[in-house]
Amino acid sequence: MVSEEEQRKKAVMEQEVEIIKRMSKIKHKIAVMSGKGGVGKSTVSVNLAAAFAKKGYKTGIMDADVHGPNVPKMLGVEGKNLGYSEDGITPVETEEGIKVMSVGFFLSSQDTPVIWRGPAKTGAIKQFFAEVNWGDLDVLIIDNPPGTGDEPLTVLQTVPLDGVVLVTTPQSVVQEDVIKGVNLVKNLNIPIIGVIENMSGFICPHCENEILIFGKGTGTKLAEEMDIPFLGRLPLDVETAASSDSGNPVVIKEPESEISVRISKIVDKIESQIISKS
Ligand SMILES: Nc1ncnc2c1ncn2[C@@H]1O[C@H](COP(=O)(O)OP(=O)(O)OP(=O)(O)O)[C@@H](O)[C@H]1O
Ligand SMILES: [Mg+2]
């Protein structure tokens, strides 16, 4: 007789094998993290995914935020259905061909709260990596909830990441939390691709002058002090907020805008750091 404990161990091992198999078909895996909530991780994630897809990379995005899954809405695929086949769960695809996976697809309404404790969250995220049939991808972006809790930790420990992109804003309280994130990632020996300073200044739509609401240079200083690359500053932008709400990332909706140009430059930097080198 096989004991329950042995059965459990076997299931864990089988899941690990499945994760390795699935992840080996994805060339580059990038996690987006931050210490604080609301700094723009999901906005950055969907725009990075859209910018990679525009460059011709086969791209996927995994929403690891089980409590506030915003990615489907931001990519205009909210309410769409996942497929199921012998090869696992088929992710939803956007018009641009970005493959999307999110707990949001399992909820009947965005207003439904997900009440999950630590082990259930860890289990769900591992299941996503083991059971979603991403197929062959060039890039997978993983959007994380804020902080260094169960979900980001599971992502960091489960997926062989190319590295982590950290998002911060210029306020010092936010930066203090980013430092915690940097230290966690460093302790796990995972590369840090770099830091993005979001909501950094406001470009006046009338005079096009940049107004630095929270001061200047905090992100670059943080990057220097923590010895990590600085990827760029993204301004507060009215169109960006509106386009996230309407399910159309700004790099697709307004490709010529200042923020889209800056996002493209960041993607070029990431590309030269991890893709061109491989
Ligand atoms: N550069 C920007 N300009 C204007 N609005 C922005 C910008 N970046 C993000 N936002 C807006 O700020 C809000 C928070 O952004 P977002 O949801 O991406 O943050 P988050 O870090 O993922 O939040 P959470 O921690 O809750 O997951 C959203 O309404 C988004 O549209
Ligand atoms: Mg988010």
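Source: prediction; values computed, not measured.

## Some details on the site of ligand 1
No. 1: In the vicinity of ligand 1 there are 18 residues, among which Lys41, Ser42, Thr43, Pro235 and Asp237 approach most closely.
No. 2: Here an oxygen atom of ligand 1 and a backbone polar atom of Ser42 are 2.8 Å apart.
No. 3: Protein coverage of the free-state accessible area of ligand 1, which is 630 Å², stands at 80%.
No. 4: Among the elements of the structure, helix H2 (41-54) and helix H8 (238-245) are those that each provide at least two residues to the shell around ligand 1.
No. 5: When residues in the shell around ligand 1 are grouped by element, the largest group, three residues, is from H2.
No. 6: Of the residues assigned to the shell around ligand 1, the class counts are eight nonpolar, seven polar and three charged.

## Topic: the packing of H2 against helix H10 (residues 258-275)
No. 1: The contact between H2 and H10 brings their axes to 10 Å, and the two run at 75°. When the interaxial angle is binned, H2 and H10 end up roughly perpendicular. Note on element contacts: H10 touches H2 through Ile263, Ile266, Val267, Ile270 and Ile275, opposite Asn47, Leu48, Ala51 and Phe52.
No. 2: Tallied by class, residues from the contact of H2 with H10 come to eight nonpolar, one polar and no charged.

## Some words on the pattern of salt bridges
No. 1: On inspection of all chains with the given rule, the structure shows 13 salt bridges.
No. 2: Two residues, Glu5 and Arg8, come together in a salt bridge whose shortest N-O distance is 3.3 Å. Remark: Arg8 and Glu5 occur in helix H1 (residues 4-23); sequence separation between them is three residues, near one turn of the helix.
No. 3: Among the residues examined, Arg8 registers a relative accessible area of 48% and is labelled partly exposed.

## A few points about the state of the cysteines
No. 1: Per the counting criterion, the structure on display carries zero disulfides.
No. 2: Cys207 supplies the cysteine sulfur nearest to Cys204, a cysteine that is in no disulfide, at a spacing of 3.5 Å.
No. 3: A relative accessible area of 46% means that Cys207 is categorised as partly exposed.

## Some points on the confidence of the model for the chain
No. 1: Of the residues in the chain, 94% reach a pLDDT of 70 or more, and the chain-wide mean stands at 90.
No. 2: Considering each helix and strand of the chain separately, the mean pLDDT is smallest for strand E11 (residues 210-211), with a value of 82, and largest for strand E7 (residues 137-143), with 98.

## Focus: the packing of H1 against helix H4 (residues 118-131)
No. 1: At a closest axis distance of 7 Å, the pairing of H1 and H4 adopts a crossing angle of 55°. The pairing of H1 with H4 is recorded here as oblique in orientation. For the pair H1 and H4, the contacting residues are Gln15, Glu18, Ile19, Arg22 and Met23 in the first and Lys126, Gln127, Phe129, Ala130 and Glu131 in the second.
No. 2: Here the contact of H1 with H4 is built from residues that sort into four nonpolar, two polar and four charged.

## As for the environment of Asn47
No. 1: For Asn47, the position within the fold is in helix H2.
No. 2: Overall, Asn47 belongs to the buried group, its relative accessible area being 2%.
No. 3: Remark: the alpha-carbon pair of Asn47 and Val250, spanning 203 residues in sequence, is separated by 6.9 Å.
No. 4: When near neighbours in sequence (up to four residues on either side) are disregarded, Asn47 contacts Pro249, Val250, Val251 and Ile263.
No. 5: A distance of 3.1 Å separates a polar side-chain atom of Asn47 from the backbone nitrogen of Val251.

Here is what the cut-offs are and how they apply
Residues numbered from 1 in each chain as written. Chains lettered and ligands numbered in written order. Predicted model: local features only at pLDDT ≥ 70, side-chain atom pairs only at ≥ 80, totals over all residues. Heavy atoms only, no water. Near = heavy atom within 4 Å. Polar contact = N/O pair within 3.5 Å; in protein donor to acceptor, adjacent residues only side chain to side chain. Areas by Shrake-Rupley, 256 points an atom, 1.4 Å probe, with all protein chains shown as cover. Helix = DSSP H or I, 4+ residues; strand = E, 2+ residues; numbered from the N terminus. Nonpolar A, V, L, I, M, F, W, Y, C, P; charged D, E, K, R; others polar. Axes fitted to C-alpha atoms, helices over the stretch in contact; angles between N-to-C directions. Parallel < 35°, antiparallel > 145°, perpendicular 65-115°, else oblique. Contact = heavy atoms within 4.5 Å. Salt bridge = Lys/Arg side-chain N within 4 Å of Asp/Glu carboxyl O. Buried < 20%, exposed > 50% of the residue type's maximum accessible area, 1.4 Å probe, protein only. Disulfide = S-S within 2.5 Å. pLDDT = per-residue confidence, 0-100.

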